[in-house]
Amino acid sequence: MAYADHDDHHPTGLKRWLFSTNHKDIGTLYIVLAMVSAIIGGLMSWYIRLELAQPGLQFIEDTQFYNVLVTAHGFLMVFFVVMPAMIGGFGNWFVPLMIGAPDMAFPRMNNISFWLLAAGLVLMVVATQVDGGPGTGWTVYPPLSSADYQPGMAVDFGILALHLAGASSILGAINLIVTIFNMRAPGMTIHRMPLFVWSILITSFLLLLALPVLAGALTMLLTDRNFGTAFFQPEMGGDPVLWQHLFWFFGHPEVYIIILPAFGVISQVVSTFSGKPVFGYLGMAYAMSAIGVVGFFVWAHHMYTVGLSVDTRAYFTAATLVIAVPTGIKIFSWLATMWGGSIRFEVPMMYAIAFIFLFVVGGVTGVTLANSSADLPLHDTYYVVAHFHYVMGLAAILGMFAGFYYWVGKMTGRQYPNGLAKAQFWFFVVGVNVLFFPQHFLGLAGMPRRIPDYPDAYAGWNMVSSVGALITAIGTVLFFVVLWKTFKSGEKVADNPWGEGATTLEWTVPSPAPFHTHEELPDVSEKAPAE
Amino acid sequence: MLKKLLAHVPLFVLGMIASGQALAGSDGEALFGRSRPWQMWLQDPKTPSAEAVYDLNLLLLYVEVGIVLFVLALLVYIMFRFNAKANPVPSKTTHNTLLEVVWTAVPILILVLISVPSLKALYFADSAPDTEMTLKITGNQWYWSYEYPDQDGIAFDSNIVESEDLKPGQPRMLSVDNVVVLPVGTKIRLLMTSNDVIHNWAIPAFAVKLDTVPGRTNETWIEIKEAGDYYGMCSELCGINHAFMPINVKAVSKEEFAAWVVKAKVEFAGNSPETSIPGKVAQLNQVAQ
């Protein structure tokens, strides 16, 4: 069929990757970018743990550089690792495959949203290298981030990097929303979509609503720094606390942006390897929606010590506690999905089980921190560091590993080496727990965040934590060995390697998924509903 | 696989139990106002607010450890009972209305129960109407300024003692040249602001942690129960020496405090106008007149 050649064109080299409009190639680009950023951000965190292994300043004499490491680690992990891997990577790859669409709704916009992010990453790395780097923490609170206290161009580069990353995410979110609303295959109603697609849809709405607020705040900070405005400068009638309200109005939904796609991945994995449909499908979907909605009304729980009125703090305490309810529904529904199942402990499932448990550990410390009174001795201590690394750091990373092992066969056509992958799992999961669990104790004892040196009483648990970082590092290196072995000598994978439990549409296309898929729309009207 | 998982589970459980033991024991040592090596729980509370916050955290610990152990038990049971060997044919159950109502309603109930003591402690710790004296605290890059408006405006700066200048018994990174002397058994109002960036004045044993924000004045209160040295650190990232602006409160009896005031008035005479924003404003007003 000569006329089909045109549709089947398969560009190669520069044309394929630089000008790509194919959702799978762009998804791959996002995943590669996330891996590169993860290496940079991970090296930064290991350097931090190296310095903190013992009291005193051994490796980092320049405390501005320490603050830059803390700042850049946060920015990289949030904006350039988790978001690209989950939303740009898995979202791009599997949303069209799962809803039976041939590609994304706006393939060219898909391309520009990736390259904006790549440019953002370059600017972020540049920011750390000019004028001493931004030493503000990822929260960039003025007046510390104002031109008086962070002179030079570093913070400005950081702001522009975030502007690009934000624009990239907004475009990506629009693309995903339009794709999910308009390009579902016949019979794929909203209430039949796989939960991963639900999670990406909700995440996209959060991005669309939250990121413009960040963009506004960043622009105000930029003009404060360079063009004489005084939005946040108290000596000219501005208010530094305004920044915190704007930042956290974005920042709190942002943490759900990070974790919701992981929820989606875990739902697919748990269902697949239990051999059962997801328990309480609608409850799961609307629990995620509820988390997304309530997430916009709890932002000031990050600001309990800024001097808010006591009634305001009482409101935010109550509102924040509400989040625990839909989160509990998710946890118990996963357990109920496994209950009565025929569970196979493949590596993705091991990661999913670890995810559920770690998320509960991080979740309950969130209940403590939600209480403005209980938060008093804990705010801005390592307890907070431990809490958010459990719920958004580890949980998101475990979700990413679960998704990677689950889908790598579909993406590459080759299976991961099972034994090595299991070793990787144990090193990583044991490592991160030895790394972060003792940080609860440090925080309870009173050790503040973001300090390069600490009173000697904190030496013990800091050493344990740094040993954990070392174990995690081995797990991370092993992951790249797994990746290399998968490409080099991985076994060829069947269309559906996971068997009966894997019911979603991506398992109906060949492995690796060919350049174009679902050219003829699958009809799922006859299929049993997802619930 | 299961054995391996079980082998690493005790890590969490032990940690949880150990932290419970640490708080029950307190090591018998009369060391308070700072943290101990290998400490796993909050510092001993030494103000009424800190006691309320401490009790609340204890309650939360028990509830949370209970929830974690409950989920862990479910997970372990599920992995034994419903693995592919033990249960080769999966059920197709996807709904149980009663169960779904229960796991929505029970958490709500627990949260409501938590919120009662939580909000009580919040309002209690916020402010006291009948404070007997005031301490003004001003954050600077990277030291603290203190002012006693009720003691004729005694004012001084408090800088870290560098490691090489430490006297025996002074803890590293926590000791300052001029300590804040305060009387025990006295309701003290704390007013805080900053001269430059946002800092945070925090003493864990008092459950005090409040930002010093330029252009704003924040308020809280303390009533110290026991004489001794209390230590804290700046708790909001404020630049390169954020880790090196500690707080040291020396709580003494009312009589000793009165004696200190007499001495301090001489020692810090002529200090007051330069160190605080209100002082600077007063100075400028004088110049203007």
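Cut-off values and rules
- Residues numbered from 1 in each chain as written.
- Chains lettered and ligands numbered in written order.
- Predicted model: local features only at pLDDT ≥ 70, side-chain atom pairs only at ≥ 80, totals over all residues.
- Heavy atoms only, no water.
- Helix = DSSP H or I, 4+ residues; strand = E, 2+ residues; numbered from the N terminus.
- Rg over C-alpha atoms; globule rule 2.2 N^0.38 Å.
- Buried < 20%, exposed > 50% of the residue type's maximum accessible area, 1.4 Å probe, protein only.
- Areas by Shrake-Rupley, 256 points an atom, 1.4 Å probe, with all protein chains shown as cover.
- Lys, Arg positive; Asp, Glu negative; His and termini not counted.
- Charge placed at Lys NZ, Arg CZ, Asp CG, Glu CD.
- Contact = heavy atoms within 4.5 Å.
- Polar contact = N/O pair within 3.5 Å; in protein donor to acceptor, adjacent residues only side chain to side chain.
- Phe/Tyr/Trp six-rings, centres within 6.5 Å; stacked < 30°, edge-to-face > 60°.
- Buried area = accessible area lost by both parts, 1.4 Å probe.
- Salt bridge = Lys/Arg side-chain N within 4 Å of Asp/Glu carboxyl O.
- pLDDT = per-residue confidence, 0-100.
- Core = buried A, V, L, I, M, F, W, Y, C linked by side-chain atoms within 4.5 Å.
- Pairing = 2+ DSSP bridges.
- Axes fitted to C-alpha atoms, helices over the stretch in contact; angles between N-to-C directions.
- Parallel < 35°, antiparallel > 145°, perpendicular 65-115°, else oblique.
- Expected span 1.5 Å × (residues − 1).

Chemist: Go over the overall build of chain A, please, and point to the residues and values.
Modeler: Within chain A, the secondary structure is distributed over 15 helices and 0 strands. Expected size for 531 residues packed as a compact globule is a radius of gyration near 24 Å; at 23 Å, chain A falls within 12% of this value. The principal-axis extent of the C-alpha atoms belonging to chain A is close to 70 × 50 × 45 Å. Split into buried and exposed, the 531 residues of chain A put 66% on the buried side. If you sum the accessible surface of chain A, you get close to 16,700 Å²; carbon and sulfur atoms cover 69% of it. Positive and negative charge centroids in chain A, built from 21 and 30 side chains respectively, lie 10 Å apart.

Chemist: Summarise the overall build of chain B; cite the residues concerned and give the values.
Modeler: Counting its secondary structure elements, chain B contains 6 helices and 10 strands. Taken across its 289 residues, chain B has 52% of its residues classed as buried. Sequence-distant contacts in chain B: of pairs separated by 6 or more residues, those separated by 24 or more amount to 64%.

Chemist: Describe the side chain of A:Gln150, with residues and values.
Modeler: Residue and element names in this part refer to chain A. Turning to its location among the elements, Gln-150 is positioned in the loop between α5 (107-129) and α6 (154-182). Of the polar contacts made by the side chain of Gln-150, one reaches the backbone nitrogen of Gly-135; its length is 3.2 Å. Excluding residues that lie within four positions of it along the chain, Gln-150 makes contacts with Gln-64, Gly-133, Pro-134, Gly-135, Thr-136, Leu-144, Ser-145, Val-155 and Arg-225.

Chemist: An account of the side chain of B:Gln43 is needed here, citing residue identities and associated values.
Modeler: Tracing the backbone shows B:Gln43 in the loop between α1 (2-25) and α2 (48-81). At a separation of 2.8 Å, a polar atom in the side chain of B:Gln43 contacts the main-chain carbonyl oxygen of A:Ala445. Side-chain polar atoms of B:Gln43 contact the backbone nitrogen of B:Arg34, separated by 3.5 Å. Setting aside its immediate chain neighbours within four residues, B:Gln43 contacts A:Leu444, A:Ala445, A:Tyr458, B:Gly33, B:Arg34, B:Ser35, B:Tyr54, B:Pro204 and B:Ala205.

Chemist: Please set out the packing of aromatic side chains residue by residue, giving values where relevant.
Modeler: Tallying each qualifying case throughout the model produces 64 aromatic pairs over all chains. With centroids separated by 5.4 Å and ring planes inclined at 75°, the aromatic side chains of A:Phe479 and A:Phe480 adopt a geometry described as edge-to-face. Under the relative-accessibility criterion, A:Phe479 is labelled buried at 7%. On the basis of an interplanar angle of 50° and a centroid distance of 5.6 Å, the ring pair of B:Phe32 and B:Tyr230 is categorised as tilted. Residue B:Phe32 is located in the loop between α1 and α2, and its partner B:Tyr230 is located in strand β9 (residues 228-232); the two are separated by 198 residues in the primary sequence. The class for B:Phe32 is buried, based on a relative accessible area of 15%. On the basis of relative accessibility, which here comes to 0%, the residue B:Tyr230 falls in the buried class.

Chemist: Please set out the interface of chain A and chain B residue by residue, giving values where relevant.
Modeler: Every contact between the two is made by 98 residues of chain A and, on the other side, 91 residues of chain B. Summing both partners gives a buried area of about 8,200 Å² for chain A against chain B, and 71% of it is carried by carbon and sulfur. In this structure, the connection of chain A to chain B is made through 4 salt bridges. Here B:Arg216 and A:Asp239 are joined by a salt bridge, their closest N and O atoms 2.6 Å apart. Counting across the chain A and chain B interface gives 32 residue pairs in polar contact (both at pLDDT 80 or more). Elements with a minimum of two residues in the side of chain A that touches chain B: α4 (63-99), α8 (240-274), α10 (310-322), α11 (324-338), α12 (347-370), α13 (382-412), α14 (418-445) and α15 (459-489) of chain A. The dominant element in the side of chain A that touches chain B, judged by the number of residues it contributes, is α12(A), at 10 residues.

Chemist: Go over the confidence of the model for chain B with me, naming the residues and quoting the values.
Modeler: Residues and elements named next belong to chain B. In this model, chain B carries a mean pLDDT of 87, and residues with pLDDT of at least 70 account for 83%. Mean pLDDT values over the elements of chain B span from 47, in α1, up to 98, in strand β6 (residues 199-203). In the model, residues 1-13 has pLDDT below 50 throughout and makes 26 contacts with residues more than four positions away in sequence or in other chains. A low-confidence stretch, residues 18-28 (pLDDT under 50), is modelled with 13 contacts involving residues beyond four sequence positions or located in other chains. Interface confidence for the predicted complex, given as ipTM, is 0.93, next to a pTM of 0.92.

Chemist: Got a sec to walk through the nonpolar core? Specific residues and values, please.
Modeler: Core analysis: the largest hydrophobic core is formed by 199 residues, its most contacted members being A:Phe79, A:Tyr351, A:Phe355, A:Tyr405 and A:Trp407. With 22 residues, the single largest contributor to this core is α4(A). Setting aside its immediate chain neighbours within four residues, A:Phe79 contacts A:Pro84, A:Leu117, A:Trp138, A:Leu162, A:Ala165, A:Leu214 and A:Phe250. Judged by nonpolar contacts, the second largest core, of 40 residues, contains B:Tyr146, B:Trp201, B:Leu210 and B:Ile247.

Chemist: How would you explain the sheet that holds strand β4 (residues 180-183) of chain B if you had to name every residue and give the values?
Modeler: Residue and element names in this part refer to chain B. Spatially, the 3 strands line up as an open sheet ordered β4-β10-β9, and their pairing is mixed. The sheet is open, and its two borders are formed by β4 and β9, each paired with just one other strand. Between one strand axis and the next, the sheet turns by 30° as a mean value, whatever way the strands run. Against the sheet, helix α4 (residues 254-267) makes contact with β4 and β10 (247-252), and its axis sits at roughly 135° relative to β4, the strand it touches most.

Chemist: Let's hear about the sheet that holds strand β8 (residues 218-222) of chain B: which residues, and what values?
Modeler: Residue and element names in this part refer to chain B. The strand order β3-β2-β1-β5-β8 describes an open sheet built from 5 strands, whose pairing is mixed. On the outer flanks of this sheet lie β3 (154-158) and β8, each paired with one strand and no other. Taken pair by pair, the neighbouring strands of this sheet meet at an average axis angle of 20°, ignoring direction. Pairing geometry for strand β2 (residues 143-148) and β3, over 5 bridges, is antiparallel. Counted as the bridge partner of Ser-145 is Asp-157 from β3. Sheet strands touched by α4: β1 (133-140), β2 and β3. Its angle to β3, the strand with the most contacts, is close to 85°.

Chemist: Hey, could you go over the pairing of β10(B) for me, with residue numbers and the actual values?
Modeler: All names here are of chain B. The buried fraction of β10 is high, at 5 of 6 residues. Sheet analysis places β4 next to β10, joined by 4 bridges and oriented parallel. Bridge pairing in β10 places Pro-183 opposite Val-252. Pairing of β9 with β10, which is carried by 5 bridges, proceeds in the antiparallel orientation. Looking at the pairing, Gly-228 lines up with Ala-251 of β10.

Chemist: How would you sum up the packing of α12(A) against α14(A)? Please name residues and give values.
Modeler: Residue and element names in this part refer to chain A. In contact at an axis separation of 10 Å, α12 and α14 are set at 10° when each is read in the N-to-C sense. As summarised for this structure, α12 and α14 are arranged roughly parallel, according to the angle between their axes. Of the residues in α14, those touching α12 at Val-347, Met-350, Tyr-351, Ala-354, Leu-358, Val-361 and Thr-365 are Asn-418, Ala-421, Lys-422, Gln-424, Phe-425, Trp-426, Phe-428, Val-429, Asn-433, Phe-437 and His-440.

Chemist: So what's going on with the pairing of β3(B)? Which residues, and what values?
Modeler: Here β3(B) lies mainly inside the structure; 4 of its 5 residues are buried. Linking β2(B) to β3(B), which pair antiparallel, is a turn of 5 residues; within it B:Asp152 sits at a positive phi near 60°.

Chemist: Can you explain the pattern of salt bridges? Please cite residues and give values.
Modeler: This model, assessed by the stated rule, comprises 11 salt bridges over all chains. In this structure, B:Asp130 engages B:Lys187 in a salt bridge whose closest nitrogen and oxygen atoms are separated by 3.4 Å. With B:Asp130 in the loop between α3 (97-126) and β1 and B:Lys187 in the loop between β4 and β5 (188-194), the pair connects residues that are 57 residues apart, well separated along the chain. One salt-bridge network, in which partners are shared between bridges, spans A:Asp453, A:Asp456 and B:Arg172.

Chemist: With reference to specific residues and values, describe α4(B).
Modeler: The α-helix winds at 3.6 residues per turn, so residues separated by three or four positions along the chain end up facing the same way. Residue and element names in this part refer to chain B. With 14 residues, α4 ought to run about 20 Å at 1.5 Å a step, and its terminal C-alpha atoms sit 19 Å apart, in line with that. Every buried residue of α4 is accounted for by Phe-257, Trp-260, Val-261 and Ala-264. Elements in contact with the buried residues of α4: β1, β2, β3, β4 and β10.

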